[in-house]
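Architecture and fold: a report
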Amino acid sequence: MKITLFWHRRDLRFQDNAGLAAALQSGHPVLPLFIYDETILEKLDKKDARLTFIFDHVERLADEAKEAGGGFLARHGKVETVFKQLLKDYDVAAIYTNEDYEPYATTRDAAVAQLAEKAGAEFKAFKDQVIFAKDEVLTKNGKPSKVFGAYSKAWQAKAKPEDFEPHPSARLFKKENLAKPKAGDAKRPTLKDLGFERHEQPTPPAKLPAAAVVKHYDKTRDFPADNKGTTHMSVHLRFGTVSVRQLMKQAQEVNIKLLNEMIWRDFFMMLLWHFPNTAEEAYDPKMRHLPYRDDPEQYKAWTEGRTGYPLVDAGMRQLNESGYMHNRARIAAAGFLVKHLFMDWKVGEHYFSEKLIDYDMSNNVGNWQWMAGTGAVAAPWFRVYSPDSQQKQYDPDYEYVKQWVPEFGTDKYPQPIVEHKEARERAIEAIRKGRK
Ligand SMILES: Cc1cc2nc3c(=O)[nH]c(=O)nc-3n(C[C@H](O)[C@H](O)[C@H](O)COP(=O)(O)OP(=O)(O)OC[C@H]3O[C@@H](n4cnc5c(N)ncnc54)[C@H](O)[C@@H]3O)c2cc1C
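For lysine 143, the location among the structural elements is in the loop between strand E5 (122–126) and helix H6 (148–158). Residue class for lysine 143 comes out exposed when judged on its relative accessible area of 51%. Between the alpha carbons of lysine 143 and histidine 274 there is a distance of 9.7 Å; along the sequence they are 131 residues apart.

Now for the sheet that holds strand E1 (residues 2–8). Spatial strand order, E3-E2-E1-E4-E5: five strands in an open sheet with parallel pairing. Edge positions in the sheet fall to strand E3 (73–77) and E5, since each has one partner strand and no second. Across the sheet, the axes of successive neighbouring strands diverge by a mean angle of 25 degrees, strand direction being ignored. Direction of pairing for E1 relative to strand E2 (residues 30–37): parallel, over a ladder of five bridges. Residue pairing in the sheet places phenylalanine 6 in a bridge with proline 32 of E2. Along the sheet, helix H3 (residues 49–67) makes contact with E1, E2 and E3, crossing E2 at roughly 165 degrees. Strand contacts of helix H5 (residues 103–118): E1, E2, strand E4 (91–98) and E5, with the helix running at about 150 degrees to E5, the strand carrying the most contacts.

Surrounding the ligand, one finds 28 residues, the nearest of these being Tyr217, Thr230, Thr231, His232 and Asn327. The side chain of asparagine 327 places a nitrogen or oxygen atom 2.7 Å from an oxygen atom of the ligand. Secondary structure elements with two or more residues in the shell around the ligand: helix H10 (234–239), helix H12 (256–274), helix H15 (327–340) and helix H17 (361–372). Ranked by residues supplied to the shell around the ligand, first place goes to H12 with six residues.

Moving on: the domain arrangement of the protein. Segmenting the protein into domains produces domain 1 (1–128), domain 2 (129–165 + 210–274) and domain 3 (285–434). Contacts between the two partners involve seven residues from domain 1, matched on the other side by seven residues from domain 3. When domain 1 packs against domain 3, close to 500 Å² is buried across both sides, 50% of that on carbon and sulfur atoms. Counting the surface domain 1 buries against domain 3, the share from its top three residues, Arg10, Arg50 and Glu102, is 74%. Connecting domain 1 to domain 3 are one salt bridge. A salt bridge links arginine 10 to aspartate 360, with the nearest nitrogen and oxygen atoms 2.9 Å apart. Ranked by residues supplied to the side of domain 1 that touches domain 3, first place goes to H3 with three residues. Its residues assigned to classes, the side of domain 1 that touches domain 3 shows three nonpolar, no polar and four charged.

With 47 residues, the main nonpolar core has Trp302, Met316, Met325, Phe352 and Trp368 as its most contacted residues. If you list the elements that add at least two residues to this core, you get helix H14 (310–322), H15, helix H16 (345–355), H17, helix H19 (399–404) and helix H20 (420–434). Element by element, the count of residues in this core is highest for H15, at eight residues. Dropping the residues within four chain positions of it, methionine 316 is found in contact with Trp302, Thr303, Gly305, Met325, Ala333, Tyr351 and Phe352.

In this section: the pattern of salt bridges. Enumeration according to the criterion identifies 37 salt bridges in this entry. With a shortest N-O distance of 2.9 Å, arginine 328 and aspartate 222 are connected by a salt bridge. Taken together, the positions of arginine 328 in helix H15 and aspartate 222 in the loop between helix H9 (211–220) and H10 put the pair 106 residues apart, joining distant regions of the chain. Both residues of the pair, arginine 328 and aspartate 222, belong to the buried class. Residue glutamate 261 is joined to lysine 257 by a salt bridge in which the shortest nitrogen-to-oxygen separation is 3.7 Å. On the criterion of helical spacing, the pair formed by glutamate 261 and lysine 257 is a turn pair, its members being four residues apart in helix H12. Salt bridges sharing partners connect three or more residues here, namely Arg9, Asp37, Asp100, Arg108 and Asp109.

Analysis parameters
Residues numbered from 1 in each chain as written. Predicted model: local features only at pLDDT ≥ 70, side-chain atom pairs only at ≥ 80, totals over all residues. Heavy atoms only, no water. Helix = DSSP H or I, 4+ residues; strand = E, 2+ residues; numbered from the N terminus. Buried < 20%, exposed > 50% of the residue type's maximum accessible area, 1.4 Å probe, protein only. Pairing = 2+ DSSP bridges. Axes fitted to C-alpha atoms, helices over the stretch in contact; angles between N-to-C directions. Contact = heavy atoms within 4.5 Å. Near = heavy atom within 4 Å. Polar contact = N/O pair within 3.5 Å; in protein donor to acceptor, adjacent residues only side chain to side chain. Domains from an automatic or database assignment. Buried area = accessible area lost by both parts, 1.4 Å probe. Salt bridge = Lys/Arg side-chain N within 4 Å of Asp/Glu carboxyl O. Nonpolar A, V, L, I, M, F, W, Y, C, P; charged D, E, K, R; others polar. Core = buried A, V, L, I, M, F, W, Y, C linked by side-chain atoms within 4.5 Å.

Structure below.
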């Protein structure tokens, strides 16, 4: 029997899934598949909380598929090796999936498309994790926009109600449209088989945020002590455990500020797709050879939340303990590393990439380059935020700080490791000289 394989990646849900809906209408029964990609897994710490998150959601999908009368394949290995085997073992008419815009993913997908072609199977990828991707929102001259305000305006002018319409994947996900693995082929790897330990980090349930959070978002989003001031949807957007269309529709109807923040996501994904080199180097060629400092002790103090700047320290401790950090603290912590310590943004980007449960290359690279003044969109390179002013503005009563830095206010809390004015002048001077 010919089948269509549906390959899940950043879309761990059956509901409102663009590629899955198309697969279920492909004319062949669908066998959903997830690959624990060795190339990605071998770089991760064996206690990485993201693996537990992914594993639990894959297992949930397998249960849901069984309940619907179908099956689910989960494999561990190099992606091309897994597909070579599957193309031998099954009569695969097509491989359907959703687009992924990161540099490694685009190369990997091109290789899988070639394998499919050789085996006489179709390979199709669909837009699912953003409203507009790649070339859909360009400037009047047909170029990728580097001005967020203009991009957001064009995005909002282009968006039509049908862009937020759910895809009928849940309705079509029924026995007559589903295939099962061959006998003996249904065994899925456990976390242990994958070489990982269970590490659960609290995340909100995979459902739309409470109406009150969305309603007041524009007034509450900037205050890190208010745990209900933002949606906490980033992890679900990263792994597709909630549909971006439903979230953005809710935002569009209730809170334009929230919609605008989410448009940053489309924007950064578009930029990374056009400029994949920016994952590794400054977008701005003039900013590629700055004489960044290397100071292992100060770097360690930053990672451990011991800089003596309470907002930065609270943020870093929230990150280390919970895998999440409030946006205001991300701004303070990143600004401190790239300007006050004058260290390479790539070092901070890398640290966040290991710790954030919502780590998303396009958002992380885009925001770090913004903070460092090196990106396609960026804060002016001479802007150095004062951590004390940010503290006064966003956590005036030190409520957030007290949540994460218990020794704050005692003599156990460290003195500032650098002085704001001196550090600011040092960074500005070094960038002024180092810009080519
Ligand atoms: C240095 C730095 C690194 C960051 N790294 C990441 C990252 O790896 N992954 C990530 O998802 N976000 C990242 N962000 C953006 C932002 O901090 C988080 O998306 C947000 O804090 C997540 O919490 P939330 O879901 O409650 O956000 P909310 O404020 O409720 O926003 C809703 C959604 O909008 C999107 N969004 C909000 N702000 C931004 C932004 N500035 N840029 C892009 N998208 C945004 C996110 O998808 C977010 O989940 C980073 C920001 C900075 C300053």
